[in-house]
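# An overview of the molecular structure
The chain contents come next:
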Amino acid sequence: MEPIISMEYYLIVSSIMFFAGIYGFITRRNLIAILISIELVLTSTDINFAVFNRFLFPHQLEGMFFSLFSIGVSAAETAVAIAIIINIYRNIKNVEVRNIKKLKD
Amino acid sequence: MEYSILILILPLLGFLTLGLAGTRLKGKTAGYVGTALLALAALTAYCTAAQYFNLPRIDGIRPSLRPFNWEWMRFTEHLHIDLGILLDPISVMMLVVITTVSLMVHIYSLGYMEGERGFQRYYAFLGLFTFSMSGLVVATNIFQMYIFWELVGVSSYLLIGFYYTKPEAVAASKKAFIVTRFADLFFLIGILLVSYFTRTFDFGLLCSGDSALFASAMGKTFMGAAVLSWATALIFIGAAGKSAMFPLHIWLPDAMEGPTPVSALIHAATMVVAGVFLVARLFPVYYFFTPEVLHGIAYIAAFTALYAAIVACVQTDIKRVLAFSTISQIGFMLVALGVSGMNGHEGTGYMAAMFHLFTHAMFKALLFLGAGAIIHTVHSNEMSRMGGLRKAMPLTHITFLAACLALAGIPPFSGFFSKDEILSAVFAFSPWMGAGMTFIAALTAFYMFRLYYNIFWGKPAEHEHPLHEAPASMTSPLLFLALISLVAGFLPFGKFVSSNGLEYIIHLDVRIAVGSVVIAIAAIFAARSLYRNGTSAVPDKMAGFFGVFHKAAKNRFYIDEIYQFITHKIIFRCISRPLAWFDRHIIDGFLNGLACITGKGSLAFRWMQTGNLQSYALLMIGGCLLLLFWVLFL
């Protein structure tokens, strides 16, 4: 069965998500927003895995599994990041990224 | 006779226990532990001596035993360093001397060092010294001897600098260490030269007199002298450093900054005679292969004896008089060795040197310990602070007098017998030298009795507190040593020790004996008339008469100043300064330059480290894009 929507559209969406994530990562000031941006980047790669698997190797499942794996990893990473952000909040009472320059000094 | 290893192990054990756990011991416990261990070691040494000298002779010669010989480091077939125990007449005799004097000093120090800070450290160092000195005399090979030789130097350094808060003591310990170490450098070169040609370190082989062993060195010369002469002369420089021969004697008078019992043990009786022992140990090598070096030793030693005796006559510090007297007496021993032959009557010198070493160790230790008792009471080293002490300190007075008589060579004290043997050996070698040595013996009697009358007679100095006799722990070693000084001369020493191992029968040469006694008594009466009342004006007049000479002698003929000049003005200024400049500016400058460039470079890049997470991310993404661009389009 030929898919209705062709591959390019999926890739356009995922590229937009990817660069939106990067743009957000660089420009946002709030750590939570930065974390969300990272999630966008990761999700866009998940879409790419699924799409390439679906269109290029329809009879195999490696891409699907890899995107599942990546979702698991990103969930764990989010948990760690949230924990770090909470600790930062406890220390400096805000989550502004420009206030976190301790490593430089 | 395997048990003889205990003589080494027990003091070492004492050093380790007191050194590691000494601070936990309260009061005088550390001293009692050290003394008990040393008493056991001394007992072992006496057993060893008794058993050894009762062994049957083989072909009339005393056997040389090796209860232990352990191969320590093996490099090649010929080059291996052993550690072992060699028992032969001189090493057994030395063991007895070392343990006896050391035991006396241990007992004496219980009283003398009581309440001192670092009491247990003192006993630990005494143990270390006794261990090293015993190891030195029983060495089976020249390299083992060198190892213990250095250990002895270290323990001497530690004990001279025992009062490490006193700047003079620190300077003296440093001086002693550097001077002896400087001499030991030549000793090491000598050892390497000898062993290079003979392919062995072993004393048994070296002293066998086998010329095949030295065949490879024959005919080789360096700067106009045979290589073998160079080697034995270099070894003698090491011996001269330890035995304070001119011009390497400068450390010994300063070493008197250490505690007085230490001066008795190390700088009078045992360590300073290590050089004599070394020459005696290698005597066959000197005698058979380099007799000219042996004669050189005799001349150097005779000059040293004269020099030290003259200086001793004008010193005012009681311990320094004794120190110069020690130098002079070691000179006597080395003269005797230097003029000695091998067999029969010619071997008198060797026997006499060993005999004098034995008796001198006893009465010189006694003199130092007596001086220590006096200093303990008077709290000063200066003779002017003493005087009229014979009533306050009767025991010290009697024992000190006995030692003075022994040193002056008055019969029946032990010094008479040994000194007479030395004089007869020297007269047999050269009558002129014999006359010179007799004159030095008279000087000896003079300066000893100058010391004696100044301390015990004359008018008493003012003291804040009443003077008192030393405690029993200090007087009992004095009495014991005085007893030995009285009877040791009657030992048939030639039966125990002789140059070729055969029995040697001592016979007094009446002419020399009478002559030396008469001249010694004359010197004693001269000292008595000059110093007995302490009011005579003659000494000052004599000082004025001799003028410059007296002043020079008082300043030890400016030898220290000459050294000072050579080291500071020449070596430091012309060699050390440029080297220091090179080190500071070229070598350090290069490394500092490297560090400076790195520092400046990193400062130049520092602006990149903003500490801002997002700028890092931006840079990283920019980098990724550049790489992508490069991969795709270039």
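Let me begin by describing the structure that accompanies this report. All values reported here derive from a predicted model rather than from experimental measurement.

### Some thoughts on the overall build of chain A
The helix and strand tally for chain A stands at three helices and zero strands. Scanning chain A from its N terminus toward the C terminus, one meets helices and strands in the order α-α-α. Here the C-alpha radius of gyration of chain A, 17 Å, is well above what a compact globule of 105 residues would show, namely 13 Å. The principal-axis extent of the C-alpha atoms belonging to chain A is close to 55 × 25 × 20 Å. Total accessible area computed for chain A in this model is approximately 7500 Å², and 70% of it derives from carbon and sulfur atoms. Across chain A, the 9 positively charged side chains and the 8 negatively charged ones have centroids separated by 19 Å.

### Comments concerning unusual backbone geometry
Following Phe246(B), the chain continues into Pro247(B) via a peptide bond in cis, with omega recorded as 0°. In this structure, Pro247(B) sits in the loop between helix 8 (227-242) and helix 9 (251-254). Residue Lys93(A) is not a glycine yet carries a positive backbone phi of 60°. Secondary-structure assignment places Lys93(A) in the segment after helix 3 (62-92). The class of Lys93(A) is exposed, set by a relative accessible area of 57%. One non-glycine residue, Arg199(B), lies in positive phi territory at about 60°. Relative to the elements of secondary structure, Arg199(B) occurs in the loop between helix 6 (167-198) and helix 7 (203-206).

### Digging into empty space enclosed by the protein
Any empty space left between the atoms is revealed when a probe the size of a water molecule rolls over them. Residue and element names in this part refer to chain B. Applying the stated criterion across every chain yields a total of three cavities of 30 Å³ or more. Its boundaries defined by the atoms lining it, the largest cavity holds a volume of some 50 Å³. Taken together, Ala 408, Gly 409, Phe 416, Lys 419, Asp 420, Ala 441, Ala 442, Ser 516, Ile 519 and Ala 520 form the lining of the largest cavity. At the level of secondary structure, the elements contributing two or more residues to the lining of the largest cavity comprise helix 17 (414-429), helix 18 (431-456) and helix 21 (510-531). Within this model, the second largest cavity holds a volume of roughly 40 Å³. Lining the second largest cavity are Pro 11, Gly 14, Phe 15, Leu 18, Gly 34, Leu 38, His 106, Tyr 123 and Gly 127. Top contributing element to the lining of the second largest cavity by residue count: helix 1 (residues 6-21), with four residues. Per-class residue counts for the lining of the second largest cavity are five nonpolar, four polar and no charged.

### Describing the layout of surface pockets
Residue and element names in this part refer to chain B. Empty space within the largest pocket amounts to approximately 950 Å³. Around the largest pocket, the lining comprises 33 residues; the ones closest to its centre are Cys 313, Arg 450, Asn 454, Tyr 531 and Pro 539. Where the lining of the largest pocket is concerned, the elements lending two or more residues are helix 18, helix 21, helix 22 (538-546) and helix 23 (548-554). Here the lining of the largest pocket takes six residues from helix 18, the largest share from any one element. Counted by class, the lining of the largest pocket contains 20 nonpolar, nine polar and four charged residues.

### Notes on the packing of helix 16 (residues 394-408) of chain B against helix 17 of chain B
Residues and elements named next belong to chain B. Where helix 16 meets helix 17, the axes come as close as 6 Å, and the angle between the chain directions of the two elements is 15°. Taken together, the axes of helix 16 and helix 17 are roughly parallel relative to one another. For the pair helix 16 and helix 17, the sense of crossing is right-handed. Note on element contacts: helix 17 touches helix 16 through Ser 414, Gly 415, Phe 416 and Lys 419, opposite Ala 406, Leu 407 and Ala 408. Taken together, the residues of the contact of helix 16 with helix 17 break down into four nonpolar, two polar and one charged.

### Overview of the environment of Leu451(B)
All names here are of chain B. As for its position among the elements, Leu 451 is in helix 18. Once the C-alpha coordinates of Leu 451 and Ala 312 are considered, the two residues, 139 residues apart in sequence, prove to be 9.6 Å apart. With residues up to four places along the chain from it excluded, the contact list for Leu 451 reads Ile 318, Val 321, Leu 322, Met 383 and Phe 400.

### Quick look at the interface of chain B and chain A
How big an interface is tends to be expressed through the accessible area that disappears when the partners come together. Every contact between the two is made by nine residues of chain B and, on the other side, eleven residues of chain A. Taken together, the links from chain B to chain A amount to zero salt bridges. Taken together, chain B and chain A are joined by four residue pairs in polar contact (both at pLDDT 80 or more). Residue classes in the side of chain B that touches chain A are distributed as four nonpolar, five polar and no charged.

### A few points about the side chain of Ser91(B)
Residues and elements named next belong to chain B. Among the structural elements, Ser 91 can be located in helix 3 (residues 89-112). Under the relative-accessibility criterion, Ser 91 is labelled buried at 0%. A distance of 2.9 Å separates the side chain of Ser 91 from the backbone oxygen of Leu 86, its partner in a polar contact. Leave out the neighbours within four places in its chain, and Ser 91 touches Leu 86, Val 137, Val 138, Phe 277 and Arg 281.

### Brief notes about the pairing of strand 2 (residues 80-87) of chain B
All names here are of chain B. For strand 2, a buried count of six out of eight residues is recorded, marking the element as mostly surrounded by other parts of the structure. Both strand 1 (residues 65-74) and strand 2 contribute to a ladder of seven bridges, which runs antiparallel. Counted as the bridge partner of Phe 68 is Ile 85 from strand 2. Connecting strand 1 to the next strand, strand 2, in antiparallel fashion are five residues.

### What to know about the environment of Arg57(B)
All names here are of chain B. Mapped onto the fold, Arg 57 is located in the loop between helix 2 (29-53) and strand 1. Along the sequence, Arg 57 and Phe 324 sit 267 residues apart, while their C-alpha atoms lie 40 Å from each other. A polar atom in the side chain of Arg 57 sits 2.8 Å from the backbone oxygen of Lys 495.

### Observations regarding the packing of aromatic side chains
A complete count under the given rule lists 35 aromatic pairs over all chains for this structure. When the centroid spacing of 5.8 Å and the interplanar angle of 55° are considered together, the rings of Tyr10(A) and Phe55(A) count as tilted. Within this pair, whereas Tyr10(A) is found in helix 1 (residues 7-27), its partner Phe55(A) is found in helix 2 (residues 31-56), the two being separated by 45 residues in sequence. Given the relative accessible area of 33%, Tyr10(A) is considered partly exposed. Aromatic side chains Phe49(A) and Phe66(A) sit 4.9 Å apart centroid to centroid with 40° between the ring planes, which places their arrangement in the tilted category. Taken together, the residues Phe49(A) in helix 2 and Phe66(A) in helix 3 connect sequence positions 17 residues apart. Owing to a relative accessible area of 46%, Phe66(A) belongs among the partly exposed residues under this scheme. In this structure an aromatic cluster arises from ring pairing among Phe400(B), Phe449(B), Tyr452(B), Tyr453(B), Phe456(B) and Trp457(B). Stacked on the ring of Phe203(B), the Lys or Arg Arg281(B) has its end atom at 5.5 Å from the ring centre.

### Concerning the nonpolar core
A general tendency of soluble globular proteins is for nonpolar side chains to be buried together. Formed by 212 residues in total, the largest nonpolar core has its most connected members in Leu334(B), Met354(B), Ile374(B) and Phe449(B). If one sorts the elements of this core by residue count, helix 15 (residues 348-378) of chain B sits on top with 21 residues.

### Describing the side chain of Thr348(B)
Residue position: Thr348(B) is located in helix 15. Beyond its immediate stretch of four places on either side in the chain, Thr348(B) contacts Glu421(B), Ser424(B), Ala425(B) and Tyr504(B).

Analysis parameters
Residues numbered from 1 in each chain as written. Chains lettered and ligands numbered in written order. Predicted model: local features only at pLDDT ≥ 70, side-chain atom pairs only at ≥ 80, totals over all residues. Heavy atoms only, no water. Helix = DSSP H or I, 4+ residues; strand = E, 2+ residues; numbered from the N terminus. Rg over C-alpha atoms; globule rule 2.2 N^0.38 Å. Areas by Shrake-Rupley, 256 points an atom, 1.4 Å probe, with all protein chains shown as cover. Lys, Arg positive; Asp, Glu negative; His and termini not counted. Charge placed at Lys NZ, Arg CZ, Asp CG, Glu CD. Buried < 20%, exposed > 50% of the residue type's maximum accessible area, 1.4 Å probe, protein only. 1 Å grid on protein atoms, 1.4 Å probe; cavity = no way out; pocket = protein on both sides within 12 Å on 5 of 7 lines; lining within 4 Å. Points joined across faces, edges and corners; volume = space filled by probe spheres on them. Nonpolar A, V, L, I, M, F, W, Y, C, P; charged D, E, K, R; others polar. Axes fitted to C-alpha atoms, helices over the stretch in contact; angles between N-to-C directions. Parallel < 35°, antiparallel > 145°, perpendicular 65-115°, else oblique. Left-handed = near helix turned anticlockwise from the far one by under 90°. Contact = heavy atoms within 4.5 Å. Salt bridge = Lys/Arg side-chain N within 4 Å of Asp/Glu carboxyl O. Polar contact = N/O pair within 3.5 Å; in protein donor to acceptor, adjacent residues only side chain to side chain. Pairing = 2+ DSSP bridges. Phe/Tyr/Trp six-rings, centres within 6.5 Å; stacked < 30°, edge-to-face > 60°. Lys NZ or Arg CZ within 6 Å of the ring centre and 35° of its normal. Core = buried A, V, L, I, M, F, W, Y, C linked by side-chain atoms within 4.5 Å.

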